[in-house]
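# Chain and residue survey
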Amino acid sequence: MKEKISQIKNRYQACSLEELPEFIESIQEDDRAGVKKIRETAVKAYQKYQEELVRLEQMNQYEDTYAPMGYVCGIDEVGRGPLAGPVVAAAVVLPKDCRILYVNDSKQLSAKKREELYEEIMEKAVSVGIGLVSHERIDEINILQATYEAMRMAIGQLTVPPAVLLNDAVTIPEVSIKQVPIIKGDAKSASIAAASIIAKVTRDRLMEQLDSVYPGYDFAGNKGYGSAKHIEGLKQMGPCAIHRRTFIKNLI
């Protein structure tokens, strides 16, 4: 007696990506239209998985190159451009040969996917450091220096000593560890991409919390960036406590 199509569908949904070839083989000779459709879906899913594995190998080229030196740490920041709130940097050390599916530049991911990957990165990472520099400090020393400060803070929070820092484009002053600046590094290095996700989710969550403290600027929606609602709120109410005065002086 043939297996019901509903049972086959349930088996497919319970399959891990690695188990798909065995599942596809098990229904290869079943010519029912419903089964053919499930099989086609499974084949496409496995092809996408194989493509992702190839992409991840490319994303780990820098990590694999420098792994013999010791711990490799990816660093990235988020929040240089907003009119309000802090700049946040993250430093992430992933285990050797770690492959986290779909890790990528945080800007290329949906908010839901970033949240999912945040949890997986935090679970699998050898160590994660986060640096946060306030809007007051940004006004005091300028955004570039504040970004460097946040990065140094993130490195200082690591529980293991990195041998190599993979940075998204920049060279951080006052850091003695070997640095490898990579242009568009968050799209070329798994560690930098992981850091970009940690920094982005950390800052987004903070700005969502601050929206209830400082309503009227839509911080939950724009995360402090200069959206139309944000500018309108500034014009109507003026700046609040977390606005960067050096960023808004030409707007009010």
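Along each chain, the written sequence defines residue order, and numbers are assigned to residues from 1. Per-residue local features are limited, in this predicted model, to residues with pLDDT of at least 70; the limit for side-chain atom pairs, both in listing and counting, is 80 or more; totals at the level of whole chains, interfaces and linings are taken over all residues. The side-chain figures draw on all heavy atoms in the structure; neither hydrogens nor water molecules are used.

### Some remarks on the overall build of the protein
Formally: Strands here mean DSSP runs of E at least two residues long; helices mean DSSP runs of H or I at least four residues long; both are numbered from the N terminus. When we talk radius of gyration, it's over C-alpha atoms, and the globule rule is simply 2.2 Å times the number of residues to the 0.38. Only protein chains enter the accessibility calculation, which uses a 1.4 Å probe; a residue whose area is less than 20% of its type maximum is buried, one above 50% is exposed, and one in between is partly exposed. Two residues qualify as a contact provided that any one of their heavy atoms is within 4.5 Å of a heavy atom in the partner residue. Shrake-Rupley sampling with a 1.4 Å probe provides the accessible areas, and residues are treated as covered by the protein chains on show and by no other component.
The helix and strand tally for the protein stands at eleven helices and five strands. Relative to the globule expectation of 18 Å for 252 residues, the C-alpha radius of gyration of the protein, 23 Å, shows a markedly less compact shape. Split into buried and exposed, the 252 residues of the protein put 46% on the buried side. For the protein, the proportion of contacts with a sequence separation of at least 24, taken over those separated by at least 6, is 65%. By element, 52% of the accessible surface of the protein is carried by carbon and sulfur atoms, the whole surface being about 13000 Å².

### Regarding the pairing of strand 3 (residues 127-133)
The line we're drawing: At least two bridges found by DSSP between two strands is the condition for calling them paired.
Side chains of strand 3 alternate between two faces, with Ser-127, Gly-129, Gly-131 and Val-133 buried and Val-128, Ile-130 and Leu-132 left unburied. Inspection of the sheet shows strand 2 (residues 87-93) paired to strand 3 by seven bridges, in the antiparallel sense. Note that in strand 3 the partner of Val-92 across the bridge is Val-128.

### Details of the sheet that holds strand 1 (residues 72-78)
Where strands meet in a sheet, backbone hydrogen bonds hold them as pairs that are either parallel or antiparallel. Threshold: Angles run from 0 to 180 degrees between N-to-C directions of axes, and those axes are lines fitted to C-alpha atoms, restricted for helices to the stretch in contact.
Read from one edge to the other, the open sheet built from five strands follows the order 3-2-1-4-5, with strand pairing classed as mixed. In this open sheet, the two edge strands, each paired with only one partner strand, are strand 3 and strand 5 (178-182). The mean inter-strand angle of the sheet, taken between neighbouring strand axes irrespective of direction, is 20°.

### Describing the pattern of salt bridges
Spelled out, the test is: Every case where a carboxyl oxygen of Asp or Glu lies within 4 Å of a side-chain nitrogen of Lys or Arg is listed as a salt bridge.
Applying the stated criterion to the full structure yields 17 salt bridges. We note a salt bridge from Asp-105 to Lys-107, for which the minimum N-O separation is 3.2 Å. Under the relative-accessibility criterion, Asp-105 is labelled buried at 6%.

### Describing unusual backbone geometry
Phi is mostly negative for residues that are not glycine, and the peptide bonds are mostly trans. The phi dihedral of Asn-142 falls on the positive side, at around 85°, and the residue is not glycine. By secondary structure assignment, the location of Asn-142 is in the loop between helix 6 (135-141) and helix 7 (143-156). Residue classification places Asn-142 among the partly exposed positions, given a relative accessible area of 40%. In this structure, Lys-223 takes a positive phi of about 60° despite not being glycine. Mapping Lys-223 onto the fold places it in the loop between helix 9 (219-222) and helix 10 (228-237).

### Here we look at the pairing of strand 2
Counting buried residues along strand 2, seven of its seven residues qualify, which places the element largely inside the surrounding structure. Taking every second residue as pointing to the same face, both faces of strand 2 are buried, with Val-87, Ala-89, Ala-91 and Val-93 on one and Val-88, Ala-90 and Val-92 on the other. Both strand 1 and strand 2 contribute to a ladder of six bridges, which runs antiparallel. Directly across from Ile-75, in strand 2, lies its bridge partner Ala-91.

### Details of the packing of aromatic side chains
Put simply, the rule reads: Planes of paired rings set the category: under 30 degrees apart is stacked, over 60 is edge-to-face and the rest tilted, where pairs are Phe, Tyr or Trp rings (Trp by its six-membered ring) whose centres lie within 6.5 Å. For a lysine, the NZ atom is tested; for an arginine, the CZ atom; a charge sits over a ring if that atom is within 6 Å of the ring centre and within 35 degrees of the ring normal.
One pass over the structure, following the stated rule, counts three aromatic pairs. Aromatic pair Tyr-217 and Phe-219: ring centres 5.3 Å apart, planes at 15°, arrangement stacked. Taking relative accessible area as the criterion, Phe-219 reaches 0% and is therefore assigned buried. Against the face of Tyr-118 rests Arg-205, its NZ or CZ located 4.4 Å from the ring centre. Here the guanidinium or amino end of Arg-244 rests over the ring plane of Phe-247, the centre of that ring lying 5.0 Å away.

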